[in-house]
Amino acid sequence: MGNKQEWKADRTRIQSWIEHLSQFNATPGTGNTRQLFTQEDIGGRRYIIDEMKALGLDVSCDDIGNIYGVCKGSGEGLAPVWSGSHIDTVYQGGAFDGISGVVCAMEAVRMIREKGIPHKRDLVVTVFSGEEPARFGMGCIGSRVLSGHLTTDQAKKLMDPDGISLYEAAKQAGYTPDCLERSIKKPGDVYASVELHIEQNALLEREGLPLGVVTSICAPSNFVVEVTGRSAHAGGMSMEDRRDAFTAACEMALAVEECGRNESQSEYSTATVGSVKVEPNQSNIIPGKVEFTIDIRDAGKESKDHIGKMILERMEAIAKKRGVQVSWRQQNNDAPMPCDLHIMEKIERYSEEMGIPYKKMVSGAFHDSMFLGEFCPVGMIFVPSRDGLSHCPEEWTDYQYLETGSQVLAAVLAELANEE
Ligand code: GLV
Ligand code: MN
Ligand code: MN
């Protein structure tokens, strides 16, 4: 079904939503920090809920705090069409990651309502809880729950660095995580979901393109590794006799990088050591213990699993050679998600109609759509990131791209919401 409309998004409104949301920030002056269920996140949620209500949406939250702003359709008993993303951030991240997808969905629905475009299915603006692993070490908390990959028992065991469980944090934030299983969606419960997101890479910018049509979403495997050596005097203990957990961990980190480069079976493999804790972390003591994280991504699960296997083998060999112990726990091994061909076709068609050049691309970052894809068809629209930077204070997307992105999004959502 065609949808020949003149869509005109309000760039100023989008900018104002993003700038307001940036004020809920635990590190003002040094990027945006709004971690799941902290007071900044709760403030941001209240703000977005109020703005959704001001648009005339009916707002509700589920047991893990996912937010749904519903614009009622005319049909009865039809599964809804979703569009949204997340408002939580990494530590000292940017103002656009996730937030862009929420405010552009709000703007898209606002345009549809303002034009009085009839739609049979409900249109729902979604905000998923804790897409970033920043607080609990595991990402996509809200969408993971919806797809049945995070239970109440697991939420009781997932801890933040202060020993507060996800379960407790959700309760303190006013949610009811006692039976997360009841939030699980079945195929058919949601008709389709479309997420707009910043690209977080420089491919669009390099080619001067305002829009990307995502074909599939790379998924992560995350590990926490512990290396145990022996603390001793930095001057007293000879170089031959020491069992330095940190230098062993450094060699392991280099092996992680090497495996990400050389063991890769696809062009989308990455392997990163992002967080390191050294004990006792004193200048004149040989480190006795190190904990570090490994984040492996790929567009294919087999390739990702192969890299993981090679890394673990290399770490064992390094530990043996250096006389230290190494152990690890795998936190998650998520599945890459292909985007729906019909939704991709709609994004392409409307981009062409609106004269917006685009390219098809794989998402190296993960997104809530990766989990939503387990119970409904998903599509993603990318908009350019300046210098390809994201997860840092410099993260930036020109508002003109959010304007055009939300226009394409509105057209796609209006079409999906009228399908039988
Ligand atoms: C999400 O922010 C990711 O790490 O890909
Ligand atoms: Mn992110
Ligand atoms: Mn994101």
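Preceding this paragraph is the structure being described.
Residues numbered from 1 in each chain as written. Chains lettered and ligands numbered in written order. Predicted model: local features only at pLDDT ≥ 70, side-chain atom pairs only at ≥ 80, totals over all residues. Heavy atoms only, no water.

(A) Spotlight on the overall build of the protein chain. Broken down by element type, the protein chain carries twelve helices and 16 strands. Expected size for 420 residues packed as a compact globule is a radius of gyration near 22 Å; at 23 Å, the protein chain falls within 12% of this value. In the protein chain, buried positions account for 56% of the 420 residues. Sequence-distant contacts in the protein chain: of pairs separated by 6 or more residues, those separated by 24 or more amount to 79%. When the accessible surface of the protein chain is summed, it comes to about 17,500 Å², and 48% of that surface belongs to carbon and sulfur atoms. (Helix = DSSP H or I, 4+ residues; strand = E, 2+ residues; numbered from the N terminus. Rg over C-alpha atoms; globule rule 2.2 N^0.38 Å. Buried < 20%, exposed > 50% of the residue type's maximum accessible area, 1.4 Å probe, protein only. Contact = heavy atoms within 4.5 Å. Areas by Shrake-Rupley, 256 points an atom, 1.4 Å probe, with all protein chains shown as cover.)

(B) Representation of the coordination of the manganese ion (ligand 3) within the structure. Binding of the manganese ion (ligand 3) to the protein goes through His 86 (NE2), Asp 97 (OD) and His 197 (NE2), at separations of 2.0 to 2.2 Å. We note that the donor set of the manganese ion (ligand 3) lies within a single chain, spaced as H-x10-D-x99-H. Between the manganese ion (ligand 3) and the manganese ion (ligand 2), both coordinated by Asp 97, there is a metal-metal distance of 3.5 Å. Here His 197 lies in strand E5 (residues 192–198) and Asp 97 lies in the loop between strand E3 (81–85) and helix H3 (99–114), a separation of 100 residues in the sequence. The exposure class of Asp 97 is buried, given its relative accessible area of 4%. Assessed through its relative accessible area of 0%, His 197 is described here as buried. (Donors = N, O, S within 2.8 Å, 3.2 Å for Na, K, Ca; no water.)

(C) Inspection of the packing of H3 against helix H12 (residues 399–416) at higher detail. Their axes nearest at 8 Å, the elements H3 and H12 cross at an angle of 60 degrees. Here H3 is positioned oblique relative to H12, judged by the angle of their axes. Considering the relative orientation of H3 and H12, their crossing is right-handed. Contacts between H3 and H12 pair Ser 100, Cys 104, Ala 105, Glu 107, Ala 108, Met 111 and Ile 112 from the former with Leu 402, Ser 406, Gln 407, Leu 409, Ala 410, Leu 413 and Ala 414 from the latter. (Axes fitted to C-alpha atoms, helices over the stretch in contact; angles between N-to-C directions. Parallel < 35°, antiparallel > 145°, perpendicular 65-115°, else oblique. Left-handed = near helix turned anticlockwise from the far one by under 90°.)

(D) Structural view of the site of ligand 1. Contacts to ligand 1 come from Glu 131, Glu 132, Arg 297, Ala 365, Phe 366 and His 391. With respect to ligand 1, the side chain of Arg 297 contributes an N or O atom lying 2.8 Å from an oxygen atom. Within the backbone of Phe 366, one N or O atom sits 2.9 Å away from an oxygen atom of ligand 1. Surface burial for ligand 1 is 94%, taken as the share of its 200 Å² of free accessible area covered by protein chains. (Near = heavy atom within 4 Å. Polar contact = N/O pair within 3.5 Å; in protein donor to acceptor, adjacent residues only side chain to side chain.)

(E) Up close: the packing of aromatic side chains. This model, assessed by the stated rule, comprises eight aromatic pairs. Between Phe 96 and Tyr 399, the ring centres sit 5.7 Å apart and the planes meet at 50 degrees, which makes this aromatic pair tilted. Of this pair, Phe 96 sits in the loop between E3 and H3 while Tyr 399 sits in helix H12; the two residues are 303 residues apart in sequence, bridging distant segments of the chain. For the pair shown, Phe 96 and Tyr 399 are each scored as buried. One aromatic cluster in this structure is built from Tyr 68, Trp 82, Phe 128 and Phe 375. Of note, Lys 115 hangs over the ring of Trp 7, and the distance from its end group to the ring centre comes to 5.5 Å. (Phe/Tyr/Trp six-rings, centres within 6.5 Å; stacked < 30°, edge-to-face > 60°. Lys NZ or Arg CZ within 6 Å of the ring centre and 35° of its normal.)

(F) Main features of the coordination of the manganese ion (ligand 2). Donor atoms from the polypeptide that bind the manganese ion (ligand 2) are Asp 97 (OD), Glu 132 (OE) and His 391 (NE2), placed at 2.0 to 2.1 Å. Here the donor residues of the manganese ion (ligand 2) are spaced in sequence according to D-x34-E-x258-H. Residue class for Glu 132 comes out buried when judged on its relative accessible area of 5%. Given a relative accessible area of 42%, His 391 falls into the partly exposed group.

(G) Highlighting the state of the cysteines. Scanning the entire structure with this criterion turns up zero disulfides. Just so you know, Cys 339 is unpaired, no disulfide at all, and the nearest cysteine sulfur is the one on Cys 218, 11 Å from it. Counting only cysteine sulfurs, Cys 339 is the nearest neighbor of Cys 376, a cysteine outside any disulfide, at a range of 11 Å. Under the relative-accessibility criterion, Cys 376 is labelled buried at 5%. (Disulfide = S-S within 2.5 Å.)

(H) Up close: unusual backbone geometry. Note the cis peptide between Glu 279 and Pro 280, where omega equals 0 degrees. Here Phe 37, not a glycine, exhibits a phi torsion of approximately 60 degrees, which is positive. Assessed through its relative accessible area of 7%, Phe 37 is described here as buried. A positive phi angle, near 55 degrees, is found at Cys 140, a position not held by glycine. With respect to the helices, strands and loops of the structure, Cys 140 is situated in the loop between strand E4 (123–127) and helix H4 (141–146). With relative accessibility at 1%, the residue Cys 140 sits in the buried group.

(I) Up close: the nonpolar core. Ile 18, Ile 48, Trp 82, Leu 402 and Leu 409 are the most contacted members of the largest nonpolar core, which has 81 residues in total. Excluding residues within four positions of it along the chain, Ile 18 makes contact with Ala 95, Phe 96, Ile 99, Ser 100, Val 103, Tyr 399 and Leu 402. Counting residues in each nonpolar core, the second largest holds 24 residues, with Phe 223, Ala 271, Met 310 and Ile 318 among its members. (Core = buried A, V, L, I, M, F, W, Y, C linked by side-chain atoms within 4.5 Å.)

(J) Region of interest: the side chain of Asn 66. By secondary structure assignment, the location of Asn 66 is in the loop between strand E1 (58–61) and strand E2 (67–71). Looking at Asn 66, the relative accessible area reads 0%, which means it is buried. Separated by 2.9 Å, the side chain of Asn 66 and the backbone nitrogen of Ser 129 make a polar contact. Side-chain polar atoms of Asn 66 contact the backbone oxygen of Gly 142, separated by 3.3 Å. Once you skip the residues sitting within four places of it in the chain, Asn 66 turns out to touch Ser 60, Cys 61, Val 127, Phe 128, Ser 129, Gly 142, Ser 143 and Leu 146.

Limitation: the analysis is restricted to geometry and does not speak to function.
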